[in-house]
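This is what each chain is made of:
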Amino acid sequence: MWQYLVKRIISLIPLLLVVSFVVFMFIHIIPGDPARLLAGKEATVEEVEMARQSLGLDKPLYEQYFVYLKGLLSGDLGYSIKSGAPVSKLIGDRILPTLGLTFLSILWALIVGILLGIISAVFRNRWPDHLGMFTAVSGISLPNFWVGLVLIQLFSVQLGIFPTGGADGWKSYIMPSFALGAGIMAMIARFTRSSLVDSMKQDYIRMGRAKGLGSGSIVFGHALKNSLIPVVTVAGLQFGFLLGGSVVVETVFSFPGLGTLLIDSIQFRDYPVVQAEILLFAVQFILVNLLIDIVYSFLNPKIRYE
Amino acid sequence: MKKFLGFLFVLMLALFSVACSGDNDSNAGNEGKSAKSSEEAGDKEITIAIDQNFITLDPHNAGDTVSIFGIRSMYEGLVSFDENMEIIPALAESYEISDDALTYTFKLREDVTFHDGEPFNAEAVKVNFDRIMDDANNLSAKRSLQFVDSLEVINDNEVAFKLNEPFSAMINKFAMVPMISPKAIEEGTKYVEGNPVGTGTFKFVEWKQGTILEVEKNEDYWGGDQTNVAKVIFSPVPENGSRVAMLKTGEADFVYPMPQQNVKEFENSDDVTIDESPSTIARYVSINTFKDPYSDLKVRQAMNHAVDKEAYLQVVKDGFGHVLDSTMSSETQYYSKQEPYEFDIEKAKALLKEAGYEDGFEAEIWGNTSSETIKGMEFIKQQLAQVNIDVTIKSMEEGTLSDEIYTPEKPEDAKVQMWYVSWSPSSGDADGATRGLFSSEYFPPNGANTAYFDNDQVTNWIKEANATADTKKQEEIYTDLQRTVYSEAPWIFLATDINLAGRSNNLEGVYVAPDGSVNISKAQVK
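Quick caveat, the model's predicted, so the values are computed rather than measured.

As for the overall build of chain A
And step 1. Looking only at helices and strands, one finds 14 helices and zero strands in chain A.
And step 2. Listing each helix as α and each strand as β along chain A from the N terminus yields α-α-α-α-α-α-α-α-α-α-α-α-α-α.
And step 3. Seen through its principal axes, chain A has C-alpha atoms that stretch 85 × 55 × 30 Å.
And step 4. Going through the 306 residues of chain A one by one, you find that 43% of them count as buried.
And step 5. Put simply, 71% of the contacts in chain A that link residues at least 6 apart link residues at least 24 apart.

Examining the domain arrangement of chain A
Residues and elements named next belong to chain A.
And step 1. Assigned domains within chain A: domain 1 (2–73) and domain 2 (95–299).
And step 2. Taking only C-alpha atoms into account, the centre of domain 1 sits 33 Å from that of domain 2.
And step 3. At the junction of the two partners, domain 1 supplies 15 residues and domain 2 supplies 12 residues.
And step 4. Listed by contribution, the elements that provide at least two residues to the side of domain 1 that touches domain 2 are α2 (12–29) and α3 (34–39).
And step 5. The greatest single-element share of the side of domain 1 that touches domain 2, amounting to nine residues, is contributed by α2.
And step 6. Among the residues making up the side of domain 1 that touches domain 2, the classes are represented as 10 nonpolar, three polar and two charged.

Notes on the interface of chain A and chain B
And step 1. With 56 residues of chain A at the interface, the matching set in chain B holds 47 residues.
And step 2. For the side of chain A that touches chain B, the elements supplying multiple residues, two or more each, are α3, α4 (45–55), α6 (87–122), α7 (127–141), α8 (144–158), α11 (215–243), α12 (247–252) and α13 (258–268) of chain A.
And step 3. For the side of chain A that touches chain B, the per-class residue count stands at 26 nonpolar, 21 polar and nine charged.

A short note on the environment of K142(B)
All names here are of chain B.
And step 1. For K142, the location among the structural elements is in helix α5 (residues 141–144).
And step 2. Through-space distance from the C-alpha of K142 to that of D429 is 17 Å; in sequence the pair is 287 residues apart.
And step 3. If sequence neighbours within four positions are ignored, K142 has contacts with I132 and M133.

Some thoughts on unusual backbone geometry
Residue and element names in this part refer to chain B.
And step 1. With an omega dihedral of -5°, the bond running from Y256 to P257 counts as a cis peptide bond.
And step 2. Its location among the elements puts P257 in the loop between β11 (254–256) and β12 (272–287).
And step 3. Cis geometry is found at the peptide bond from P444 to P445, where omega equals 5°.
And step 4. Of note, the phi angle at D318 is positive, near 50°, even though the residue is not glycine.

Overview of the UniProt feature "transmembrane region" (unreviewed entry) in chain A
And step 1. If you check UniProt for "transmembrane region" (unreviewed entry), the listed places come out as residues 12–30, 99–123, 173–192, 241–266 and 278–299 of chain A in our numbering.
And step 2. Counted over residues 99–123 of chain A, helix gives 96% and strand 0%. Its end C-alpha atoms are 36 Å apart.

A word on the UniProt feature "domain: Solute-binding protein family" (unreviewed entry) in chain B
And step 1. Using the residue numbers shown here, the UniProt feature "domain: Solute-binding protein family" (unreviewed entry) corresponds to residues 86–440 of chain B.
And step 2. Between the C-alpha atoms that bound residues 86–440 of chain B there is a distance of 29 Å. The span itself is 28% helix and 25% strand.

Let's talk about the domain arrangement of chain B
Residues and elements named next belong to chain B.
And step 1. Here chain B is partitioned into domain 1 (16–53 + 196–276 + 500–525), domain 2 (75–191) and domain 3 (278–499).
And step 2. A separation of 34 Å is found between the C-alpha centroids of domain 2 and domain 3.
And step 3. Each partner contributes residues to the interface: domain 2 has 14 residues there, and domain 3 has 14 residues.
And step 4. Residue classes in the side of domain 2 that touches domain 3 are distributed as nine nonpolar, three polar and two charged.

What about the sheet that holds strand β7 (residues 158–163) of chain B?
All names here are of chain B.
And step 1. Within the open sheet, the four strands sit side by side as β4-β5-β7-β6. Their pairing is antiparallel. Of all the strands in the sheet, just β4 (92–97) and β6 (148–155) have a single pairing partner and so form its edges. Shown here is a sheet whose adjacent strand axes are inclined to one another by a mean of 20°, direction ignored.
And step 2. By the bridge criterion, six bridges tie β6 to β7 in an arrangement that is antiparallel. Looking at the pairing, L151 lines up with F161 of β7.
And step 3. Contacts between helix α4 (residues 122–133) and the sheet are confined to β5 (103–108), β6 and β7, with β6 contributing the most and set at about 165° to the helix.

Quick notes on the UniProt feature "domain: ABC transmembrane type-1" (unreviewed entry) in chain A
And step 1. Per the UniProt record, the feature "domain: ABC transmembrane type-1" (unreviewed entry) sits at residues 95–292 of chain A.
And step 2. Between the end C-alpha atoms of residues 95–292 of chain A there is a gap of 21 Å, over a span that is 83% helix and 0% strand.

Quick word on the pairing of strand β9 (residues 213–217) of chain B
All names here are of chain B.
And step 1. Where strand β8 (residues 202–207) lies against β9, five bridges are found, and the strand directions are antiparallel. Residue F204 lies in a different strand from β9, and its bridge partner there is V215.
And step 2. Joining the antiparallel neighbours β8 and β9 is a turn of five residues, in which G210 adopts a positive phi near 85°.
And step 3. The pairing of β9 with strand β10 (residues 231–236) spans four bridges and is classified as antiparallel. When the sheet's bridge partners are listed, E214 is paired in β10 with I233.

Structural notes on the nonpolar core
And step 1. In terms of nonpolar packing, the biggest core is built from 136 residues, with L151(A), I188(A), I48(B), V232(B), F254(B) and V255(B) touching the most fellow members.
And step 2. The greatest single-element share of this core, amounting to 14 residues, is contributed by helix α9 (residues 171–200) of chain A.
And step 3. Those residues in contact with I188(A) that lie beyond four places of it in its chain are A109(A), L110(A), G113(A), I114(A), G117(A), V231(A), V234(A) and A235(A).
And step 4. Grouped together as the second largest cluster of nonpolar side chains are 66 residues, A282(B), Y312(B), Y335(B) and I462(B) included.

The rules behind these values
Residues numbered from 1 in each chain as written. Chains lettered and ligands numbered in written order. Predicted model: local features only at pLDDT ≥ 70, side-chain atom pairs only at ≥ 80, totals over all residues. Helix = DSSP H or I, 4+ residues; strand = E, 2+ residues; numbered from the N terminus. Buried ≥ 20, exposed ≤ 12 C-beta atoms within 10 Å, placed from the backbone. Contact = placed C-beta atoms within 7 Å. Domains from an automatic or database assignment. Nonpolar A, V, L, I, M, F, W, Y, C, P; charged D, E, K, R; others polar. UniProt positions renumbered as here; feature names shortened; annotations may be inferred. Pairing = 2+ DSSP bridges. Axes fitted to C-alpha atoms, helices over the stretch in contact; angles between N-to-C directions. Core = buried A, V, L, I, M, F, W, Y, C linked by C-beta atoms within 7 Å.

Structure follows, in structure tokens:
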């Protein structure tokens, strides 16, 4: 297992090199000129050219890439073109709020989603199941910005319980994590239900029933664990996505997360910030996938990694 | 077991439905609910919600409106703008311009100290000047001083700027150059960015990138007791609905911009006032006069007659705007009102017939991806369809659009036909509202003359206006210039904006200047 982990982590390095190269090339190839955007609408050619030189954007692309790579290997992510602030600070300021929001969203989505899934599976085709799945479908279909605005209207404007936005204290995390987690909760509920329904039809469950096990012990002791593999896959992928920040929910709640930073940076062609952020997402995604693989082996001891 | 699960399920469902049902019954209680403000506690603290993040707090390197007004809460220049964007003395008591318009002499105030206790004097001006002019620093304020050749320190309280060529907007540009404490400058650029030290009515407390900027009252302000607010928090809230909600909950005392579609919600409010103020933003469609059929004046005039500007204001701006009746907004220096092109389809058709385009032609309009721009372009398309001009809308993301517009080296390479865009001169001056837009020396990529408007007289006028220090003469020139350009119709002249802000009724003295900057220096909480 440990050997496997080390191997997986070492294999990250070439992957990240490829990612860094692809990201670098893509962001430089798309039209748009940060020098022009930096110099402003009233700028003359000379001023744009001056801005370009000071940013080092006048050099050939491969040279720029090696400069970037050299910085990257020595841990220097460079400076934002737009604000001049160190990229590491821009990302550092936003990574903790994003992580907090992600964990909170996934956590409640997992708990509620799995419970809802179990209820629906146990009461299959009866009213709790229909209602449960109705809730799940609503969770998927309601756009999260709408849910966000409704939450603000209700809990901030009407009841005054939670602040409308920001990331000061735990209270400001409640509504965004609800809005973000609703869709994931719904997805998890559906996966849990269908997977659990499948498991309940298996021979070993019938065997358990024949032995006279109670329904609680059958569901929680035997069926559920075997049903969770697809759930873990879905939850893990969603977790990976959320780590990248959510532009929509961050915008609605004026939440200082990574999503809005990325969009702002792409719009401004703020190359250093975009590169660093996408690289970070790649690392996070790979690590999350690794985590999913490890969880598999706990859920099903037959899955072994060498 | 089943009972337990059933109970859990009902509980969850109840919670979820409570959370989701808010939309229906939420409107009822809105009106009467008071905008409780933080002042209730008596600590006189206000929150100002704005739509964008601060990009930088380096006063010599800020280009965006939000950063600029954040900076202006803590810094001042030798001169500054009043609420109508007229120049008023600030750190300079008075100034004099030589007859050849090449020397600007400032008499400095003697009673001013920076927030760190450093004295403000001629030496401080010199340190600031040197910082800006140093190419290695690559600061955007250098553009404001592009015509300045040197600075002469006459004595401790007098300085003279020498220009290498006359520039009519120079005095406005001095208002764009705030003075930083020499001690802070000594610490280097990184220090200046993170630790603003100016002379303004407010002092820096904290800036969290992407969240808030906090400033506190400067008790030692040279101009005396201007405000009774101890602390101001600027909070960037990009989402319109959330910003409005903050005003309703009392989390914010001032909200700018107030989304035009939300204004109605506050019509009968006892707690909130909607402030309307004029703006320097002019909205128009630039027409590439270098291309056929747009090279024909009659075609351009026909296009102007074919668009109903009043309808434009209602449809696109929700009624919040004025018809653009010159080449610049009424808030710009030397503005001179023109007779707008009246909405007259028959006249437009007749003009097109004279030009030989009775059956119309196919056209393309470009714009960015914002919903208001798309709405505006659709409106233009629908209006021009009445005179058989078949418009295709091409909406492009800002970076791509800017590339398409500004990279063509020669007018003949430009692909743009019509561009739906807006312009506002950064320092409210006539030069900023004309030179880059109408001088033939400023075709892209050199400037923003995207109409490729080529009129020797206009180009010369712009130079002449700069060459004189006589403001009467300047006014005459700019009046002639506006008349000429307006009649040549290089744009479809649409509208000027109205700045909309939402303000809690117990707050006064905070306003939005025509350039879209929020001024807090005289904030008073009742």
